[in-house]
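Chain residues, written in single-letter form:
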Amino acid sequence: MAVVDDRHAGCDGCSRSVPLEELTAVTMPNGEEVACCPRCEPHAREAARKCSSLDQRRGTCDGCTGTYLEAELEDVILRDGTVLACCPSCAAEAPNDEAGAKTAESTADSSERVAAESESGDDETASTGQRLCTQCNEWVTAELFHATTIDDRTERLCPNCKEIAEENGIIRDVKIRKTKAREVLGVEDDATDAEIRTAYHRQVKRAHPDQQSGSKSAFQLVTNAYDRLQEDG
């Protein structure tokens, strides 16, 4: 815990300086005690409940290429000496017999297919239409929120995790979702770039502050919607 002075100290979650009496000690799964302000305490307790940690560091499984908390990944040594970082599911399926080479090759092919399907962005698997929340590690059908935390981490959150993060004060900025952006511009899901551009020019003229029907906030919303639909992820 970073001590600021005799009466204030830094929160181990958000690093804000708060009065000592407002800090609460939370014990993490590894036995470490962290001091949290009222905003970060619920997040810390939830992290401890899920056997996680405050920094939420993540890594990629070498089997399925999914993103997991580093604490959940385990090293698996293949017969040829190759060491893989695997999620619990892939670790359980790791080859341990003479057919290991074939199984590993099959796993690699499967990983390539999953990676190819995920290139469309939003951590979406084309075959299921689901997306992986980087906070709770759950697959959801709802479009994820692209959020930037107060410590400059980029997270893709399901609606529930986004709401909790906002309540805990750990989110600095949230991008407009593509679903909302299409509603703002009045275009369909399969709209072409040309159709989106035409809709943007039409809406931005109406929303311009110089127009009676416009305002600065409406103009900014239309602009943000168009910019969001130009992004890959």
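Residues numbered from 1 in each chain as written. Predicted model: local features only at pLDDT ≥ 70, side-chain atom pairs only at ≥ 80, totals over all residues. Heavy atoms only, no water.

Asker: It is not clear to me how the overall build of the chain should be interpreted in this structure. Could you clarify?
Answerer: If you tally the helices and strands in the chain, you get seven helices and 14 strands. Counting across all 233 residues of the chain, residues that qualify as buried make up 36%. In the chain, once contacts between residues fewer than 6 apart in sequence are set aside, the share between residues at least 24 apart is 32%. Per element, the accessible surface of the chain, about 14100 Å² overall, is 46% carbon and sulfur. (Helix = DSSP H or I, 4+ residues; strand = E, 2+ residues; numbered from the N terminus. Buried < 20%, exposed > 50% of the residue type's maximum accessible area, 1.4 Å probe, protein only. Contact = heavy atoms within 4.5 Å. Areas by Shrake-Rupley, 256 points an atom, 1.4 Å probe, with all protein chains shown as cover.)

Asker: Mind showing me how you'd approach the side chain of Arg 182 here?
Answerer: The residue Arg 182 is located in helix H5 (residues 178-185) in this model. Buried charge without a partner: Arg 182 forms no salt bridge, and the closest opposite charge is Asp 189, 4.0 Å away. Filtering out sequence-adjacent residues up to four positions away, Arg 182 remains in contact with Val 187, Glu 188, Asp 189 and Leu 229. (Lys, Arg positive; Asp, Glu negative; His and termini not counted. Salt bridge = Lys/Arg side-chain N within 4 Å of Asp/Glu carboxyl O.)

Asker: Sorry if this is basic, but what is going on with the confidence of the model for the chain here?
Answerer: Low-confidence regions, as indicated by low pLDDT, have predicted coordinates that should not be scrutinised in detail. Averaged over every residue, the pLDDT of the chain is 76; residues scoring 70 or more account for 73%. Low pLDDT (under 50) marks residues 97-104, which in the prediction has seven contacts with non-local residues, meaning those over four places away or in another chain. Counting contacts from residues 113-124, a segment whose pLDDT is below 50, to residues more than four positions away or on other chains yields 27 contacts. (pLDDT = per-residue confidence, 0-100.)

Asker: For this particular structure, what's the right way to read the sheet that holds strand S14 (residues 171-174)?
Answerer: The strands that make up a sheet pair up through hydrogen bonds in the backbone, lying either parallel or antiparallel. Spatial strand order, S13-S12-S14: three strands in an open sheet with antiparallel pairing. Pairing within the sheet leaves two strands with one partner each, and these edge strands are strand S13 (154-157) and S14. Strand-to-strand twist across the sheet, computed as the mean angle between neighbouring axes with direction ignored, equals 35 degrees. Two strands pair when backbone bridges link them, and strand S12 (residues 145-149) and S13 are joined in this way by four bridges, in the antiparallel orientation. Across the sheet, the residue bridging to His 146 is Arg 156, located in S13. (Pairing = 2+ DSSP bridges. Axes fitted to C-alpha atoms, helices over the stretch in contact; angles between N-to-C directions.)

Asker: Which parts of the structure should I look at to understand the packing of aromatic side chains?
Answerer: The relative placement of two aromatic rings is captured by the distance of their centres and the angle of their planes. Considering all chains together, one arrives at one aromatic pair under this definition. Look at Tyr 200 and Tyr 226: their rings are 4.2 Å apart centre to centre, the planes differ by 20 degrees, and that puts the pair in the stacked class. Separated by 26 residues along the polypeptide, Tyr 200 in helix H6 (residues 193-207) and Tyr 226 in helix H7 (residues 216-230) bring together distant segments of the chain. Judged by relative accessible area, Tyr 200 falls into the buried class, the value being 15%. Under the relative-accessibility criterion, Tyr 226 is labelled buried at 16%. It is Lys 162 that lies over the ring of Phe 145; its NZ or CZ is 4.7 Å from the centre. (Phe/Tyr/Trp six-rings, centres within 6.5 Å; stacked < 30°, edge-to-face > 60°. Lys NZ or Arg CZ within 6 Å of the ring centre and 35° of its normal.)

Asker: What exactly am I supposed to notice about the packing of H6 against H7 here?
Answerer: Helix packing for two helices is described by the angle between their axes and how far apart those axes are. Look at H6 against H7: their axes get within 8 Å of each other, and the N-to-C directions meet at 170 degrees. As judged from the angle between their axes, H6 and H7 are roughly antiparallel. Two packed elements cross with a definite hand, and for H6 against H7 that hand is left-handed. Within the contact between the two elements, H6 uses Ile 196, Arg 197, Tyr 200, Gln 203, Val 204 and Ala 207 and H7 uses Ala 218, Phe 219, Val 222, Thr 223, Tyr 226, Leu 229 and Gln 230. Here the contact of H6 with H7 is composed, by residue class, of nine nonpolar, three polar and one charged. (Parallel < 35°, antiparallel > 145°, perpendicular 65-115°, else oblique. Left-handed = near helix turned anticlockwise from the far one by under 90°. Nonpolar A, V, L, I, M, F, W, Y, C, P; charged D, E, K, R; others polar.)

Asker: Got a minute to help me understand H6 in this structure?
Answerer: In an α-helix, one turn spans 3.6 residues; hence positions three or four apart end up facing the same way. Taking 1.5 Å per residue, 15 residues should reach 21 Å; H6 reaches 21 Å between its end C-alpha atoms and fits that length. Buried residues of H6: Ile 196, Ala 199, Tyr 200, Gln 203, Val 204 and Ala 207, and no others. For H6, the angular spread of the buried residues around the axis is 130 degrees, confining them to a single face. Looking at the buried residues of H6, the elements they touch are H5 and H7. (Expected span 1.5 Å × (residues − 1). Arc of directions from axis to C-beta.)

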